[in-house]
Amino acid sequence: MTLPTLNTAELERIRVEQAAAALGSAPARKQTGPAVVLRAPRVADGAQLWRIAKDSEVLDTNSSYAYVLWCRDFATTSVVAEVNGRVVGFVIGYVRPQAPDTVFVWQVAVDRAQQGKGTGAQLLHALLNNVAAQGVSKLETTISPDNAASIALFTSVARRRDARITKRPLFDAGVFPDSHAPEDLYLIAPTARTTQEDHR
């Protein structure tokens, strides 16, 4: 029996799909468990956001205080996903003071038990739908070049909203005082266009 061979492009596609599933950018499977509730964060959610970020082993984990403060001061530009009263994912961002039409996504993370269900993409769509009323039509985020899961997640969101996604270098490794990887700036625009799929 002959086994099928895969070319390099096919192997890369499979790798990106697997990475995307880890952050929830893969197409959502039919819900068989409890419903996911998307809402604005509350101060009491800060501890769980910190735990999810810490457990991701990918994100830079900020202080617990930073997440609590974020839930107070940037609740209108952040969203949490809740299942059975427990926060299982979040996206935190802010409208850039120098660019009031742009929301900058600082972090997006999903609890391991919730990964592969499309939660990451749902969070980002909810955020973009929420801030559209404030005149926001662009999304910025930074991603290190080796973070295939995040690249796949934001690319899928841009595709679903029929928006362009562009990338350019922003911070090279030399600006950081530690061994932090460089960060590329991703811009998705326009973000205001939505589809029925976004509201599922």
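Just above sits the structure.
The structure reproduced in this document is the subject of the present report. (Residues numbered from 1 in each chain as written. Predicted model: local features only at pLDDT ≥ 70, side-chain atom pairs only at ≥ 80, totals over all residues. Heavy atoms only, no water.)

1. Some remarks on helix α3 (residues 64-73)
Our working rule: Summary of the burial criterion: residues with accessible area below 20% of their type's maximum are buried, those above 50% are exposed, and those between are partly exposed, where the area comes from a 1.4 Å probe applied to protein chains only. In this text, helices come from DSSP runs of H or I with a minimum length of four residues, and strands from runs of E with a minimum of two, each type numbered from the N-terminal end. Think of it as the arc spanned by the lines of direction from the helix axis to the C-beta atoms. The contact criterion used is simple: two residues touch if any of their non-hydrogen atoms lie within 4.5 Å.
Among the residues making up α3, those that are buried are Tyr-67, Trp-70 and Cys-71. In a view along the axis of α3, the buried residues occupy a sector of 100 degrees, so they form one face of it. Away from its buried face, by an angle of more than 90 degrees, α3 presents the exposed residues Tyr-65 and Arg-72. The inward-facing, buried residues of α3 contact α2 (46-56), β2 (78-83), β3 (86-96) and β4 (99-110).

2. With respect to the pattern of salt bridges
How we decide: Any Lys or Arg side-chain nitrogen found within 4 Å of a carboxyl oxygen on Asp or Glu counts as a salt bridge.
Summed over the entire model, instances satisfying the criterion amount to 8 salt bridges. Residue Asp-45 is joined to Arg-39 by a salt bridge in which the shortest nitrogen-to-oxygen separation is 2.8 Å. The burial state of Asp-45 is the same as that of Arg-39; both residues are buried. Residue Glu-82 is joined to Arg-39 by a salt bridge in which the shortest nitrogen-to-oxygen separation is 2.8 Å.

3. As for the packing of aromatic side chains
Going by this rule: Centres within 6.5 Å make a pair out of two Phe, Tyr or Trp rings, where for Trp the six-membered ring is used; the pair is then stacked when the planes are under 30 degrees apart, edge-to-face when over 60, and tilted otherwise.
Enumeration over the complete set of coordinates arrives at 7 aromatic pairs. Their ring planes at 40 degrees and their centres at 4.8 Å tell us that Trp-70 and Phe-74 sit as a pair that is tilted. Accessibility expressed as a relative area gives 33% for Phe-74, which makes it partly exposed. Ring pairs connect the aromatic residues Trp-70, Phe-74, Tyr-94, Phe-104 and Trp-106, which therefore count as one cluster.

4. Notes on the pairing of β4
Let me state the cut-off plainly: Pairing between strands is defined by DSSP: at least two bridges between them are needed.
Here β4 lies mainly inside the structure; 9 of its 12 residues are buried. The hairpin formed by β3 and β4 contains 2 residues between the paired strands.

5. Observations regarding the sheet that holds strand β5 (residues 138-143)
Quick reminder of the rule: Where helices are involved, their axes are fitted lines through C-alpha atoms of the stretch in contact, as for all axes, and angles between N-to-C directions lie from 0 to 180°.
Taking strand neighbours across the sheet as the criterion, the 7 strands line up as β1-β2-β3-β4-β5-β7-β6 in an open arrangement whose pairing is mixed. Edge positions in the open sheet fall to β1 (37-39) and β6 (164-171), since each of these has one partner strand only. Across this sheet, the average inter-strand angle for adjacent strands is 25 degrees, counted without regard to direction. Two strands pair when backbone bridges link them, and β4 and β5 are joined in this way by 4 bridges, in the parallel orientation. By the bridge assignment, Val-105 is partnered in β5 with Thr-141. Most of the contacts of α2 go to β3, to which it runs at about 95 degrees, and overall it touches β2, β3 and β4. Strands in contact with α3 are β2, β3 and β4; relative to β3, the strand with the most contacts, it is inclined by about 70 degrees.

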